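Descriptive analysis of the structure
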Amino acid sequence: MVALVAAVLAVRPGVRAGPGAPRVVGQQQRPATRLPADPGTELPRLLAKRARAVLRGDRAAFLATVDKRQKAFYKGQATLFANMRTVPFSTLIYKITDRRTSTRLRRHYHADQAIQAQVQASYQLRGQDASPVLARHSYTFVLTRSVWRIAGPGDSSQRRRDDTEIWDAGPVRTVHSARTLIVFHPGQGLLAGRLLRVADRAYAQVGAAWTGHWERKAVILVPKDEREAERLVGARDLSRVAAVASSSVESGATERVLGNRIVVNTDNVARYNGLNLQVLITHEMTHVATRTLGDGVPLLLVEGFADWAALKPLGYPFAVTRPNLARAVREGRFDGTLPGDGEFRDEDAAVAYDEGSAFCLWVADTYGAGRLRALYRGFKGSDPTGTTELDRGLRRVLHVSLKKAQGRWAAWVRDRL
């Protein structure tokens with residue numbers, strides 16, 4: 001609008017006079033100049049336009065936020081928009097959390113200015129998320145001809161911290177019930193249907209084990225393969241993992257735990273029978289139900305309680321539900337020591353899971369399920385727990401030392417097996 005007005009003023013003639021008369025000239029007009037667009041104002045506007053375009057399905061508006069000169073990136077963004085339109089978003093908000101100018105990138109992109117920024121995406125899926133999911137992205141913004149555009153991702157150091165979403169790998173489809181949403185890629189509808197059925201049965205099983213408040217809803221992501229699953233959860237090797245429950249944490253004084261996702265390792269889960277699939281999803285949904293307790297709970301209880309909740313409804317013999325522990329006892333490899341956090345990540349993790357599950361079963365059988373839940377809650381909000389803190393928690397809730405609890409549990413295990 002400024003440019004248009006300036007052009008009109010520049011060509012508007014003075015008062016016409018007859019031949020030979022002196023020319024009347026008005027006040028001299030200076031060429032109009034534009035002030036540089038303030039990135040503090042313009043970049044949030046650009047991201048808001050991008051979010052609205054996704055929610056409204058406005059492809060042109062979405063691509064108008066991208067630098068057309070970057071042909072490969074522009075094409076990739078067009079594909080990303082098409083993928084994102086298959087996602088049932090109810091809300092989508094972008095917020096810049098950090099930014100810095102870059103002279104090197106200004107020259108690279110032939111721009112007047114270049115800014116690298118960390119961007120936080122906050123979104124909810126329709127009818128599902130009571131709290132938003134947070135994801136980190138990085139962008140390079142460039143200023144050309146007084147207009148800001150997104151020209152590419154951040155530099156390599158920023159990209160290493162970026163989160164991956166399931167729609168980054170391609171379009172998605174969904175199946176849902178009143179409580180559960182399954183998000184999957186085309187061609188995985190059969191597995192998605194099986195997951196939906198066992199998930200809907202899992203709520204009652206989790207409710208029988210855990211009495212705390214939780215959303216009682218879950219989103220299950222079904223990636224194409226193990227490599228995509230690793231990208232979604234930021235892991236290097238999920239070859240021995242069937243599924244992972246994940247949440248995002250809001251930074252700040254409260255550090256609220258937000259969102260809930262269960263990511264399955266499709267390569268492993270696809271061959272599960274119905275019973276194993278049920279145990280798996282009930283286990284992971286228990287993690288979702290107890291996630292607000294934080295990171296301080298020892299894995300002995302985190303994994304053990306989830307296994308106890310999933311195996312409890314089966315009513316199968318102890319040796320059947322804890323086969324790895326049973327084998328260790330038969331082979332003389334059971335040393336009667338409760339597993340530490342590190343043992344849930346090493347090569348003998350399967351035994352550690354069975355030991356944790358057996359410990360929770362021993363607590364529930366000996367002291368009651370209410371005491372087991374109280375023991376779990378007793379570590380809420382604490383820092384990562386060592387043996388000293390575990391001993392203190394056992395004394396406080398069960399009135400027994402770690403040494404005595406461990407000895408009694410080990411004798412109970414050997415008696416059962």
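Here's what I pulled together on the structure shown here. Because the structure is predicted, anything quoted here is derived from the model rather than measured.

Here's the deal with the overall build of the protein
For the protein, the count of helices and strands is 17 helices and nine strands. Looking at the protein as a whole, 47% of its 417 residues are labelled buried. Restricting to contacts in the protein with at least 6 residues of sequence separation, those with at least 24 account for 66%. With an accessible surface of roughly 21,900 Å², the protein has 50% of that area assigned to carbon and sulfur atoms.

A few points about the packing of aromatic side chains
Scanning the model with the defined rule gives 15 aromatic pairs in all. Between the aromatic rings of phenylalanine 305 and tyrosine 376, the centroid separation amounts to 5.1 Å while the plane-to-plane angle is 80°, which identifies the pairing as edge-to-face. Of this pair, phenylalanine 305 sits in helix H11 (residues 299–311) while tyrosine 376 sits in helix H15 (residues 369–377), and the two are 71 residues apart along the sequence. On the accessibility criterion, phenylalanine 305 (0% relative accessible area) is buried. Three or more aromatic residues joined by ring pairs form one cluster here, namely Trp210, Phe305, Trp308 and Tyr376. Of note, arginine 179 hangs over the ring of tyrosine 203, and the distance from its end group to the ring centre comes to 4.9 Å. We note arginine 377 situated over the ring of tryptophan 210; from NZ or CZ to the ring centre the distance is 4.3 Å.

Points about the pairing of strand E7 (residues 218–222)
Each regular strand shows side chains that alternate between the opposite faces of the sheet. Counted residue by residue, E7 has five buried out of five residues, so it is predominantly covered. Taking every second residue as pointing to the same face, both faces of E7 are buried, with Ala218, Ile220 and Val222 on one and Val219 and Leu221 on the other. Inspection of the sheet shows strand E6 (residues 180–184) paired to E7 by five bridges, in the parallel sense. Across the sheet, the residue bridging to valine 183 is leucine 221, located in E7. Note that the unit made of E6, helix H7 (residues 189–209) and E7 has a crossover that is left-handed.

Some points on the layout of surface pockets
The space that makes up the second largest pocket amounts to roughly 510 Å³. In terms of lining residues, the second largest pocket is bounded by 23 residues, among which Gln77, Leu80, His137, Tyr139 and Asp168 are the most central. Contributions of two or more residues to the lining of the second largest pocket are made by helix H4 (71–84), strand E1 (89–101), strand E2 (113–125) and strand E3 (133–144). With seven residues, H4 is the largest single contributor of residues to the lining of the second largest pocket. The class makeup of the residues in the lining of the second largest pocket is 10 nonpolar, seven polar and six charged.

Quick look at a negative patch on the surface
Together, Asp335, Glu343, Asp346, Glu347 and Asp348 give the surface a local cluster of negative charge. Inspection of the secondary structure assignment puts aspartate 348 in the loop between helix H13 (323–330) and helix H14 (349–367). Since its relative accessible area comes to 44%, aspartate 348 is described here as partly exposed.

Details of the side chain of arginine 291
Structurally, the position occupied by arginine 291 is in the loop between helix H10 (274–290) and H11. Given the relative accessible area of 14%, arginine 291 is considered buried. A distance of 3.3 Å separates the side chain of arginine 291 from the side chain of glutamate 215, its partner in a polar contact.

Regarding unusual backbone geometry
The backbone of arginine 145 sits at a positive phi, close to 55°, despite the residue not being glycine. Relative to the assigned elements, arginine 145 resides in the loop between E3 and strand E4 (147–153). Here arginine 145 falls in the exposed class, since its relative accessible area comes to 76%.

Some words on the pattern of salt bridges
Counted according to the given criterion, the structure contains nine salt bridges. Between arginine 261 and aspartate 129 there is a salt bridge; the shortest N-O distance is 2.9 Å. Of this pair, arginine 261 sits in strand E9 (residues 257–264) while aspartate 129 is found in the loop between E2 and E3, placing the two residues 132 residues apart along the sequence. Judged by relative accessible area, which is 7%, arginine 261 ranks as buried. The closest approach of N and O atoms between aspartate 365 and arginine 416, which form a salt bridge, is 3.7 Å. Placement of the pair is aspartate 365 in helix H14 and arginine 416 in helix H17 (residues 402–416), with a sequence separation of 51 residues. Note on arginine 416: relative accessible area 39%, which makes it partly exposed.

So, how was this worked out
- Residues numbered from 1 in each chain as written.
- Predicted model: local features only at pLDDT ≥ 70, side-chain atom pairs only at ≥ 80, totals over all residues.
- Heavy atoms only, no water.
- Helix = DSSP H or I, 4+ residues; strand = E, 2+ residues; numbered from the N terminus.
- Buried < 20%, exposed > 50% of the residue type's maximum accessible area, 1.4 Å probe, protein only.
- Contact = heavy atoms within 4.5 Å.
- Areas by Shrake-Rupley, 256 points an atom, 1.4 Å probe, with all protein chains shown as cover.
- Phe/Tyr/Trp six-rings, centres within 6.5 Å; stacked < 30°, edge-to-face > 60°.
- Lys NZ or Arg CZ within 6 Å of the ring centre and 35° of its normal.
- Pairing = 2+ DSSP bridges.
- Right-handed = clockwise from strand over helix to strand, strands pointing away.
- 1 Å grid on protein atoms, 1.4 Å probe; cavity = no way out; pocket = protein on both sides within 12 Å on 5 of 7 lines; lining within 4 Å.
- Points joined across faces, edges and corners; volume = space filled by probe spheres on them.
- Nonpolar A, V, L, I, M, F, W, Y, C, P; charged D, E, K, R; others polar.
- Patch = residues over 30% accessible without salt bridge, like charges linked within 9 Å, V, L, I, M, F, W, Y side chains within 5 Å.
- Salt bridge = Lys/Arg side-chain N within 4 Å of Asp/Glu carboxyl O.
- Lys, Arg positive; Asp, Glu negative; His and termini not counted.
- Charge placed at Lys NZ, Arg CZ, Asp CG, Glu CD.
- Polar contact = N/O pair within 3.5 Å; in protein donor to acceptor, adjacent residues only side chain to side chain.

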